[in-house]
Amino acid sequence: MTADLIAGAVAFVVIALGTLIWYANRAGKNAASVSTSEAAKTSADATTLKAQSMAQAQADKPATEDAVLRRLGGGTA
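Along each chain, residue indices are assigned from 1 in the same order as the chain's sequence is written. Whole-chain, interface and lining totals are the exception, using all residues; otherwise, since this is a predicted model, local features are given only for residues with pLDDT of at least 70 and side-chain atom pairs are given and counted only at 80 or more. Excluding hydrogens and water, the side-chain figures rest on all heavy atoms present in the structure.

**Q** Sorry if this is basic, but what is going on with the overall build of the protein chain here?
**A** Within the protein chain one finds two helices and zero strands. Based on the C-alpha atoms only, the size of the protein chain along its principal axes is roughly 105 × 20 × 5 Å. A buried classification covers 1% of the 77 residues belonging to the protein chain. Calculation of accessible area relied on Shrake-Rupley with a 1.4 Å probe; when residues are assessed, cover is drawn exclusively from the protein chains displayed. Working note: accessible area of the protein chain is about 6,700 Å², and carbon and sulfur atoms make up 66% of it. Considering the protein chain, the positive charge centre built from 7 side chains and the negative charge centre built from 6 side chains are found 3 Å apart. Counting from the N terminus, the helices are DSSP H or I runs at least four residues long and the strands are E runs at least two residues long. Under the scheme applied here, a residue whose accessible area is under 20% of the maximum for its type counts as buried, over 50% as exposed, and between as partly exposed, the area being computed with a 1.4 Å probe on protein chains only. Charged residues are defined here as Lys and Arg on the positive side and Asp and Glu on the negative side; His and the ends of the chain fall outside this count. Here the site of a charge means atom NZ of a Lys, CZ of an Arg, CG of an Asp or CD of a Glu.

Right under this line is the structure:
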């Protein structure tokens, strides 16, 4: 009977450790997934901001040579 009790306790400890390892592994994968998603969002935000800035610059472009030179700081034509 004592041997059965010890075997049951050992089995319980092994199962508990296995469950903890599985849970920690799963939590680590979830954390890595969140980090990757946040990095992708940051990259997408930067790309969007750049595209918006380029579109705004295209919309605001000077229409004359004098305006281009003023914008570039070159003075007059």
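After presenting the structure, the write-up continues.
**Q** Can you help me understand the environment of Thr2 in this one?
**A** You can see Thr2 is positioned in helix α1 (residues 2–59). Separated by 32 residues in the primary sequence, Thr2 and Val34 place their C-alpha atoms 48 Å from one another.

**Q** When you look at the pattern of salt bridges in this model, what are you seeing that I'm missing?
**A** What counts as a salt bridge is simple: a side-chain nitrogen of Lys or Arg found within 4 Å of a carboxyl oxygen of Asp or Glu. Enumeration over the complete set of coordinates arrives at one salt bridge. Residue Asp45 pairs with Lys41 through a salt bridge whose shortest N-O separation is 2.8 Å. Of this pair, Asp45 and Lys41 both sit in helix α1, four residues apart, roughly one helical turn.

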